[in-house]
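Residue-level structural notes
One-letter residues, chain by chain:
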Amino acid sequence: MPKAIGIGGLFFRAANPAGLAEWYQKHLGIDDLHKSVWQQEAGMTIFGPFSKDTTYFGRAEQQWMVNFRVDDLDGLMASLTASGIAVETRDEWNSEVGRFARIHDPEGNPVELWEPAQG
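A short tour of the structure in this document, coming up. (Residues numbered from 1 in each chain as written. Predicted model: local features only at pLDDT ≥ 70, side-chain atom pairs only at ≥ 80, totals over all residues. Heavy atoms only, no water.)

1. Points about the sheet that holds strand β2 (residues 98–104)
Within the open sheet, the three strands sit side by side as β1-β3-β2. Their pairing is mixed. Whereas interior strands pair on both sides, the edge strands pair on one side only; in this sheet they are β1 (66–69) and β2. Mean inter-strand twist for the sheet, computed between neighbouring axes without regard to direction, equals 25°. Bridge count for β2 against strand β3 (residues 110–116) is seven bridges, and the pairing is antiparallel. Bridging from a neighbouring strand, H104 pairs with P110 of β3. Relative to β2, helix α2 (residues 73–82) is tilted by about 15°, and along the sheet it contacts β2 and β3. (Pairing = 2+ DSSP bridges. Helix = DSSP H or I, 4+ residues; strand = E, 2+ residues; numbered from the N terminus. Axes fitted to C-alpha atoms, helices over the stretch in contact; angles between N-to-C directions. Contact = heavy atoms within 4.5 Å.)

2. Quick notes on the pattern of salt bridges
A side chain with one charge may pair with a side chain of the opposite charge, provided their charged atoms come close. Following the criterion strictly, the structure yields five salt bridges and no others. Among the salt bridges present, the one from E88 reaches R90, with a minimum N-O distance of 2.7 Å. Relative accessible area serves as the criterion here: at 38%, R90 is assigned to the partly exposed category. Bridged by salt links that share partners, the residues D74, R99 and E115 form one connected network. (Salt bridge = Lys/Arg side-chain N within 4 Å of Asp/Glu carboxyl O. Buried < 20%, exposed > 50% of the residue type's maximum accessible area, 1.4 Å probe, protein only.)

In structure tokens form, the structure reads like this:
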């Protein structure tokens, strides 16, 4: 059976698309789509619809939340904090699948950071 083999893009509205693309490139290393195509490392991807009542994303009108796999959560959190970006962690977010943190981009979109568990 033919099937999807990966995420080919994530597209969303922004008040300042160029500025937001620059922010993601500067703080998370994601290439600006107007300059090049970001080449991800192969790995796990979770595609998970949540209940429409979930509070996990934050604001009730928030329809999506992106989750990025990261290779060094502690190092990235230190870098983000040094850049003045608030980083939130909660023990209940962590599990056998790894550790998590949350930031918000300049337009208030939640961004989850995930360091998968080793092994």
